[in-house]
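Structure assessment
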Amino acid sequence: NVCSLSAEHSYSHLIDTLEDGRFKFFNPQKLNDPRYDQLPLSIRVLLEAAIRNCDGFYTKEEDIQNILDWQQQQNKAEVPFSPARVLLQDFTGIPAMVDLAAMRDAVAKHGMDPSLVNPKCPTDLIVDHSLQIDYSKWCDGPNQSQAPSRSTPSRPLSRGGSHCGGQRGSCSKATCSDPPASTAQAPASVQQIENTPLLCPFHLKPWCSKAFKNVNVVPPDVGAVHQVNLEYLSRVIQVSDGFIYPDSVVGTDSHTTMINGLGILGWGVGGIESEAVMLGQPVSLTLPQVVGCKLVGSINPLTTSIDVVLGITKHLRQAGIAGKFVEFFGPGVCQLSAPDRTTIANMCPEYNATVSFFPVDQVTLKHFKKTSDSIRTDFHSKVKLKLFLNWQVIEINLSSMVPYVSGPKRPQDRVAVSSMKEDFQSCLDEKVGFKGFHISKEKQDIRVPFLHCGQEYQLVHGSVVIAAVISCTNNCNPSVMLTAGLLAKKAVEAGLVVKPYIRTSLAPGSGMVTHYLNTSGVLPYFSQLGFEVIGYGCATCVGNTAPLREAVVDAIKQGDLVACGVLSGNRHFEGRLCDCVRANYLASPPLVVAYALAGTVGIDFEKEPLGKEEGKEVYLCDIWPSREEVQQTEEDTVISSIFKDLRGRMEKGNTFWNNVDCPDSVVFPWDHKSTYIRSPSFFSKLVKVTAPQSIENAHVLLFLGDKVTTDHISPAGSIARVSAAAKYLQSKRLTPREFNSYGARRGNDAVMTRGTFASIKLQNRFIGKPGPKTLHIPSGQTLDVFEAAERYQRDSIPLIILAGKDYGSGNSRDWVAKGPYLLGVRAVIAESFEKLHKNQLVGMGIMPLQFLPDQNADSLELSGKERFTITLPDSLSPRQQLAVKTSQGKSFFVTALFDTDMDIIFFRHGGHLRYVARTFL
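Conventions used here
- Residues numbered from 1 in each chain as written.
- Predicted model: local features only at pLDDT ≥ 70, side-chain atom pairs only at ≥ 80, totals over all residues.
- Heavy atoms only, no water.
- Helix = DSSP H or I, 4+ residues; strand = E, 2+ residues; numbered from the N terminus.
- Buried < 20%, exposed > 50% of the residue type's maximum accessible area, 1.4 Å probe, protein only.
- Contact = heavy atoms within 4.5 Å.
- Areas by Shrake-Rupley, 256 points an atom, 1.4 Å probe, with all protein chains shown as cover.
- Core = buried A, V, L, I, M, F, W, Y, C linked by side-chain atoms within 4.5 Å.
- Pairing = 2+ DSSP bridges.
- Axes fitted to C-alpha atoms, helices over the stretch in contact; angles between N-to-C directions.

1. Overview of the overall build of the protein chain
Summing up its helical and strand segments, the protein chain has 31 helices and 36 strands in all. Looking at the 921 residues of the protein chain, the share that counts as buried comes to 64%. Residue pairs in contact within the protein chain that sit at least 24 positions apart in sequence constitute 74% of those at least 6 positions apart. Looking at the protein chain as shown, the accessible area adds up to about 33,800 Å², and 48% of this sits on carbon and sulfur atoms.

Structure (structure tokens):
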């Protein structure tokens, strides 16, 4: 409570008042310190938060001096940051709430008041973030018209409900003809499915908002987390007890960085870290270096915001700015709208920056005036901030940007659209690797005919079978979505169609997107091309797409074809969309529509037509809307009334949500029959704190290579019928139709532990081929990873993981650390780590250990079958080198990637959760 502390606050002399006397604030300019004027604006946000939260414990005066001395202390000093709020999406929000509920149980068992366990930092939980597509367009025969697609969230259908096909990429039926409800009934049907009594997680959410203080649950059927954050939760300025201060946020979603486009400092953290912040602990970070990104030049009218995003991403990735703040300035910034900026800011995980910050300016203020709330613009109108001088500046010319896509296997492999046809051909020729598929010359021209709805079609290498406009990166930007909609309109008017076997879908990030697409009149044209609105949330990009038609799958397999998916996300990996779709490209929404119309990625848009109308060839340039047309449509349709309407819907909720039964108890009444949530075992043996013990005679659970992603560690897609998780669910008398997805069962530690390292694309050097298997070294047997870990734990053998470069890259998921912890993994030794994942490992008490420079498992001639002993000293220090000895007599050193003393404290306690729980005892 800032107001109650103001009189005794160490920096009370900095308290200032706005001219109208309504609000107070801490004014760092009253320090009269010349160092302040040299601080980048993003660092000033850190400074203000440190001053306001200075309590002598978590935040000390020394921390404030370190921030003021940023020029000398950057990349050296560790400083705390207390954000204004925490943002939870459902994938990590449910486990976070389950953990807090379990913490209340643990506190109660030790005789303390469980109601003491509450978030101290305001927390928003978004119910509808992740969706599973169960329905798309379909037909029962050649004379049947297409019906609108439907979606269900990634939560279970009721027993006996339709779920076409078993495993992804195959179908158990002759035709995929499960009919959904009508369009008018769709929203109610979705809500009924979400609220079925089988769904314990759904009852947990309203209980959390009722039982916990400082928890706000955004009801379903509103929007995905990053959209809701932009459209509803963002304030720029927060108001509390008569004080105002900059809005800031940490969120359990990699897209949290999007908010920096509005001048709100925020980034993604793991679920464990977010829980610590919720409970009052600041985020500890190394005082970041700040890179100035100077934008110059003019944007080409045909270049979309996504092209600008990918161009900037390429420049920044090459600049080597991992772990740094990027702050934009220069004459080109004013050309970027607020949605443009949020789209650019969203991509900073791709070049490993912590944030991409656009300071508040007139464009930002104009945006917020359109979306109401005068208080948050008032403060910035009165408090003038000087632009900073950048010591490291990257200059980017916006006029150099041309349309790109990225793929076919990695998001960093960009391809100019003008070179797409030639590049795909080279991918067919190249050996299997990051881009190549190694298709022999004699098989590259193969055409495979198949029947779909009574009509014959042909598939070739490069045929598009999935085209998805999905709810990240793009949908926050009206200009990009309107470009796609206007393109669809002109395509329909030109007589062009999308082949019916292509799995098309449109998953807007929120109802606002649907609103302005409908208001502008382009939504029906999307529908006519097969891009039906399937719901609001993540879908195709996380593998939650319905299986392809059996005839399509058979044709792909028959010809060993490199079929393609095109989606408007910000991340993809081989096989992520569908097992049989090997090539996946990221593209802007209008290009997703364009490639769907073409039916292939092997097309030169400048020289080859999309189709013909009355014998006349229609080229992409004939139907591509002008920048002026898009901007005029945006101005006419994206107005403040849309935002106000959405706010009303969020605050009102919906009938089904408002009527969900909510337990009235201080501790959550766990349903022990539930296979969706259960109380995890993170809080055993809480009372005694002992120094970490050395790891002695550990076996290697997995011997991995480079680029192990969070998809490999903790897949979020469907549960395979032959997996360890499937065996567990079958033991609970569930049928494969009822397995649902790992994401839906993220509140059940038994399922998620069994799902850890369950990816079919996991490359374990012990096995030699992809799959979720490993070698149980004592017996020599090849087992599921979980079964092997279970045997090791039964024999009290500690475990480690050996890995290569970029271990843990990908989207933030807290189970990528919780799962290995419950498998018994004590340490991961890798060449390098994704920073966010490294922090997650620390947060669960797992040591991230890095090989010394120029060393790796191969150079040290490690087979992985040795036993490893890692010696820990009585006292650890950040970045300390530790000795590792093997049973074969080899010795080497590794660096313990504890960046701060706080990291070491968390490790000593066995992770964030156990540390926080002990504060209540």
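Still to come is the rest of the account.
2. What to know about the nonpolar core
The biggest cluster of nonpolar side chains holds 148 residues, and the ones touching the most others in it are Met103 and Tyr807. No other element matches the 10 residues that helix H5 (residues 90-109) contributes to this core. Aside from chain neighbours lying at most four places away, what touches methionine 103 is Val117, Leu279, Phe683, Leu913, Val916, Ala917 and Phe920. By size, the runner-up hydrophobic cluster in this structure holds 75 residues, among which are Met420, Leu428, Met481 and Ala596.

3. Observations concerning the sheet that holds strand S12 (residues 265-268)
If you trace the 5 strands from one edge of the open sheet to the other, you get S8-S5-S4-S11-S12, paired in parallel fashion. Every interior strand has two partners, whereas the edge strands, strand S8 (215-218) and S12, have only one. Ignoring which end each strand starts from, the neighbouring axes of this sheet average 20° apart. Direction of pairing for strand S11 (residues 248-251) relative to S12: parallel, over a ladder of 4 bridges. When the bridges of S12 are listed, valine 249 appears paired with glycine 266.

4. Description of unusual backbone geometry
Cis geometry marks the peptide bond from glycine 407 to proline 408; its omega dihedral reads 10°. With respect to the element layout, proline 408 can be found in the loop between strand S18 (404-406) and strand S19 (414-416). The phi dihedral of asparagine 32 falls on the positive side, at around 55°, and the residue is not glycine. For serine 796, which is not glycine, the phi torsion reads 55° and is therefore positive. For serine 796, a relative accessible area of 65% corresponds to the exposed category.

Remember, this is a structural readout, not a statement about activity or role.
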